[in-house]
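A structural walkthrough
Next come the chains, spelled out residue by residue.
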Amino acid sequence: MIISYHSVHDPACTVCKKHCKTLESVREHLSGPLAKADCMKVFVERGCILCLCIFDSLDVLKVHEQNCRLSPATPIGFGGTTLLEKSTRSETEITSLSGESYCNQGLQVVAMDCEMVAVGSVGSDACARVCLIDEDENVLFHSYVKPELPVKDYRYEITGITEAHFQDALSLKRVRAKIKEILYSAESCKARRILVGHSLDHDLYCLRLTHPEHLKRDTAIYPPLMKTNLVSHSLKDLTRTYLGYEIQTGTHDPFEDCVAVMRLYKRMRGQVHQNEDFSPSSGIPHSINSFDAYDPNDLMKMSPDALLQISRPKYMCWCLDSKRASDTDLVSSSSVASLDKILDGFSLSGE
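Residues numbered from 1 in each chain as written. Predicted model: local features only at pLDDT ≥ 70, side-chain atom pairs only at ≥ 80, totals over all residues. Heavy atoms only, no water.

Identification of the protein as RNA exonuclease 4 from Acorus calamus is taken from an unreviewed UniProt entry. Per UniProt, the comment on the protein under Sequence similarities (unreviewed entry) is "Belongs to the REXO4 family." Under the UniProt heading Subcellular location (unreviewed entry), the note attached to the protein is "Nucleus". (UniProt positions renumbered as here; feature names shortened; annotations may be inferred.)

Regarding the pairing of strand β5 (residues 124-133)
Among the 10 residues of β5, 8 are classified as buried, and the element is accordingly described as predominantly covered. Here strand β4 (residues 109-119) runs beside β5; their pairing, made up of 9 bridges, is antiparallel. When the sheet's bridge partners are listed, methionine 116 is paired in β5 with cysteine 127. The hairpin turn running from β4 into β5, its antiparallel successor, is 4 residues long, and glycine 120 in that turn takes a positive phi close to 75°. As paired strands, β5 and strand β6 (residues 139-146) are joined by 5 bridges and run antiparallel to one another. By the bridge assignment for β6, isoleucine 133 is matched with valine 139. Here β5 hands over to β6 after 5 residues, with glutamate 137 in that stretch at a positive phi of 70°. (Buried < 20%, exposed > 50% of the residue type's maximum accessible area, 1.4 Å probe, protein only. Helix = DSSP H or I, 4+ residues; strand = E, 2+ residues; numbered from the N terminus. Pairing = 2+ DSSP bridges.)

Structural notes on the pairing of β6
For β6, a buried count of 7 out of 8 residues is recorded, marking the element as mostly surrounded by other parts of the structure. When β6 meets strand β8 (residues 170-171), the two strands line up parallel, connected through 2 bridges. Bridge pairing in β8 places lysine 146 opposite serine 171.

Here we look at the nonpolar core
A general tendency of soluble globular proteins is for nonpolar side chains to be buried together. Grouped together as the largest cluster of nonpolar side chains are 66 residues, with contacts concentrated most on Met112, Val130, Leu132, Ile133, Ile179 and Leu207. The biggest single contributor to this core is helix α8 (residues 254-269), with 9 residues. Discounting residues that sit within four places of it in the chain, methionine 112 has contacts with Val130, Cys131, Leu132, Ile179, Leu195, Val196, Gly197, Leu200, Asp203, Leu204, Leu207 and Cys258. Among the nonpolar cores identified, the runner-up in size contains 8 residues, and Val117, Ala126, Ala128 and Ala169 belong to it. (Core = buried A, V, L, I, M, F, W, Y, C linked by side-chain atoms within 4.5 Å. Contact = heavy atoms within 4.5 Å.)

Let's talk about the pattern of salt bridges
Across all of its chains, the model carries 10 salt bridges by this definition. Measuring nitrogen to oxygen at the nearest pair gives 2.8 Å for the salt bridge that ties glutamate 135 to arginine 269. Of this pair, glutamate 135 sits in the loop between β5 and β6 while arginine 269 is found in helix α8, placing the two residues 134 residues apart along the sequence. For the pair glutamate 135 and arginine 269, a shared accessibility class is recorded, and that class is buried. Across the pair glutamate 148 and arginine 208 runs a salt bridge whose closest N-O atoms are separated by 2.5 Å. Taken together, the positions of glutamate 148 in the loop between β6 and β7 (151-153) and arginine 208 in the loop between α6 (200-207) and β10 (216-218) put the pair 60 residues apart, joining distant regions of the chain. Each of Asp201, Glu213 and Lys216 takes part in one network of salt bridges that share partners. (Salt bridge = Lys/Arg side-chain N within 4 Å of Asp/Glu carboxyl O.)

And the structure:
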């Protein structure tokens, strides 16, 4: 237990309570080739293949599955620049993995996705199209981005982009300024929104932007969503497995991908875990296990359940974001000051 850092936040089998590192491990435990027989029997009868939850009856399961399996988003198509100056809703309904719905007030979360073309003599990735949406799946910003270097490959089969799309495209400088307006407070120049995406660091790098680590939510590297060997799943696989529909069946649409990562984030955030004192603004790095504060001899005398109650995962569980639902500002000046001490020199200025 001490070595594995298991905690109440880890994915677990709802039958035998076995804790795993990833949801894929739980799935293999319930329905894989080496599944535990007793757990598999219950799961086959009353389990949801998307969220892996087990329900009291088949009727309850059928009602749950209607909400758990989502419909694909309508692609935004190949329109020009779109900018929604202000989101009109401050309250968002969330469907958790357990099927419960509740409202978060005050949380400001944005999903972003980019499409890349190859530029220059070596074919480096360059952002050619970008989309940002809010929690209600409203488009905050969508634009084509004029490459700064000659395009070597438009990757048309994947992006659907041609030279004609760049005729009225915005420059990278203007696109970066628009994105900063959405993500950052003009008064304090501090990041004020959680940013959700898939392989976020690559998108930010191509946009020449940075974002504070404690405000990134990346579905490609979130431990519960990774493979059993902690290798990333593709966004297409994650959407099929946990949302129940297909994306990227033709050319990739950044709006469609934004909706997928936002829905995955909200599902992960909506998990109901035991309350604990640790939070992103508590001043305690989540990589430090609470076992460190105990005498080893006392730990050896504790039961597995007692150890589980005091253990923390090595990652920040996204359910902790929902615990700040009453905050009117996602990151107050005091919490930023506290987080600055944790982040080891990471700049919150945006670049």
